[in-house]
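Observations on chain architecture
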Amino acid sequence: MTQAMDDKEKYKRPESVLVVIYSKTGHVLMMQRVFPKEFWQSVTGSLEWGENAEQAAKRELKEETGLDANGLIDCHYSQQFEIYSIWRDRYQPGVMHNQEHVFLMPLERCEKIKMDPREHCEIKWVTRAEAIQMATSHTNSEAILRWVPEMGSEH
């Protein structure tokens with residue numbers, strides 16, 4: 001491996017996945033980060049060097065929820081966002097933006113989730129409308145609005 005590659009791999013790759021998990025009963029899984037605690041999100045995570053978006057989505061889904069990726073849907077859509085200043089030091093100097101690939105994980109019903117306590121301190125199944133309001137990241141809210149179907153029943 002070259003020195004340039006060694007240096008690059010010290011930093012996070014500015015490319016990530018967003019996996020929105022929802023049930024056919026009309027609910028979306030939202031998770032509260034350990035830090036910052038006011039941050040609510042769907043499954044997210046950076047691609048590792050040498051990994052493609054689908055591999056990262058499957059890995060992050062398993063790590064953060066314990067769910068297998070059977071039924072994972074690639075939306076073939078990505079969006080760019082500015083990296084929050086609290087996380088910028090994880091990236092190479094000068095990197096300000098991240099490219100996020102959107103995936104969906106539809107489930108028949110709200111399933112019990114095996115939360116990773118190193119990343120999240122609380123999980124909730126909420127209505128689509130609540131999830132749109134709850135998501136801290138505008139790209140997360142937009143993905144729920146765009147990709148999660150509107151459905152009837154309340155929890």
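Preceding block: the structure.
As a starting point, this report considers the structure included with it. (Residues numbered from 1 in each chain as written. Predicted model: local features only at pLDDT ≥ 70, side-chain atom pairs only at ≥ 80, totals over all residues. Heavy atoms only, no water.)

Topic: unusual backbone geometry
Spelled out, the test is: Elements are defined by DSSP. Helices are runs of H or I of four residues or more, strands are runs of E of two residues or more, and each kind is numbered from the N terminus.
Cis peptide bonds are those with omega within 30 degrees of zero, and the linkage from F35 to P36 qualifies with -15°. With respect to the helices and strands, P36 occurs in the loop between strand 2 (27–33) and strand 3 (40–41). Even without being glycine, H76 reaches a positive phi, approximately 50°. Along the chain, H76 falls in strand 5 (residues 73–82).

What to know about the nonpolar core
The tendency in soluble globular proteins is for nonpolar side chains to be buried as a group. What counts, and what does not: Throughout, nonpolar core names a set of buried Ala, Val, Leu, Ile, Met, Phe, Trp, Tyr and Cys residues whose side chains join them through atoms within 4.5 Å. Burial status follows relative accessibility: with a 1.4 Å probe on protein chains alone, a residue under 20% of its type maximum counts as buried, one over 50% as exposed, and anything between as partly exposed. Should any heavy atoms of two residues lie within 4.5 Å, those residues are counted as being in contact.
Within the largest apolar cluster, 18 residues are counted, with the highest numbers of intra-cluster contacts made by V17, V19, I21, L61, F103 and M105. Every element with two or more residues in this core is listed here: strand 1 (15–23), strand 2, helix 2 (53–65) and strand 6 (97–107). Setting aside residues up to four positions removed in sequence, L61 forms contacts with V19, I21, V43, G66, L67, D68, A69 and M105.

So, the pattern of salt bridges
To keep things clear, this is the line we draw: Should a side-chain nitrogen of Lys or Arg be within 4 Å of a carboxyl oxygen of Asp or Glu, the pair is scored as a salt bridge.
All told, the structure shown has 12 salt bridges when counted by the stated rule. K58 is the salt-bridge partner of E54, the closest N and O atoms lying 3.1 Å from each other. You can see E54 and its partner K58 sitting in helix 2, four residues apart, about one turn around the helix. The partly exposed category is assigned to E54, whose relative accessible area is 40%. In this structure, the salt-bridge partner of E63 is R59, at a minimum N-O distance of 3.5 Å. Separated by four residues within a single helix, E63 and R59 lie in helix 2, roughly one turn from each other.

As for the layout of surface pockets
Stated formally: A pocket here means an open set of points on a 1 Å grid, computed over the protein atoms alone, that has protein on both sides within 12 Å along at least five of seven lines. A cavity is instead a set of points where a 1.4 Å probe fits but cannot get out; residues with an atom within 4 Å of a point line either one. Grid points are joined across faces, edges and corners, and a volume is the space filled by probe spheres set on the points. Gly falls in the polar group here, along with every residue not listed as nonpolar (Ala, Val, Leu, Ile, Met, Phe, Trp, Tyr, Cys, Pro) or charged (Asp, Glu, Lys, Arg).
What the largest pocket holds in volume is close to 570 Å³. Surrounding the largest pocket, 30 residues form its lining, K12, T44, G45, S46 and Y91 being those nearest its centre. When residues of the lining of the largest pocket are traced back to their parent elements, those giving at least two are strand 1, strand 4 (43–46), helix 2, strand 5, strand 6 and helix 4 (138–147). For the lining of the largest pocket, the class distribution of residues is 10 nonpolar, 10 polar and 10 charged.

Points about the side chain of E51
What counts is decided by this rule: Residues adjacent in sequence count toward polar contacts only when both atoms are side-chain atoms; beyond that, a polar contact is any pair of N or O atoms within 3.5 Å, and within protein one must be able to donate a hydrogen and the other to accept it.
In this structure, E51 sits in the loop between strand 4 and helix 2. Within the structure, the side chain of E51 is placed 2.8 Å from the side chain of R59, a separation counted as a polar contact. If sequence neighbours within four positions are ignored, E51 has contacts with R13, S46, A56 and R59.

Let's talk about a nonpolar patch on the surface
Counted only if it meets this: Residues enter patches when they are more than 30% accessible in relative terms and free of salt bridges; like-charged ones are connected within 9 Å and nonpolar ones (Val, Leu, Ile, Met, Phe, Trp, Tyr) within 5 Å. Only the protein chains shown count as cover for residues, and all accessible areas are computed by the Shrake-Rupley method using a 1.4 Å probe.
Residues V34, F35, Y84 and I86 make up a contiguous nonpolar surface patch of about 390 Å² in total accessible area. Examined against the element boundaries, Y84 turns out to sit in the loop between strand 5 and strand 6.

Re helix 2
Quick note on the threshold: Helices are assigned an expected span. That span is 1.5 Å times one less than the residue count.
For helix 2, with 13 residues, the first-to-last C-alpha span of 18 Å sits near the 18 Å given by 1.5 Å per residue. Of all the positions in helix 2, only A53, A56, A57, R59, E60, L61, E64 and T65 are classed as buried. Tucked inside the fold, the buried residues of helix 2 contact strand 1, strand 2, strand 4, strand 6 and strand 7 (120–127). Just downstream of helix 2 lies G66, where phi reads positive at about 80°.

Section: the environment of Y11
Turning to its location among the elements, Y11 is positioned in the loop between helix 1 (3–8) and strand 1. Linking Y11 and P93, residues 82 residues apart in sequence, is a C-alpha distance of 9.2 Å. Apart from the residues within four sequence positions on either side, Y11 is in contact with W49, D89, R90, Y91, Q92 and P93.

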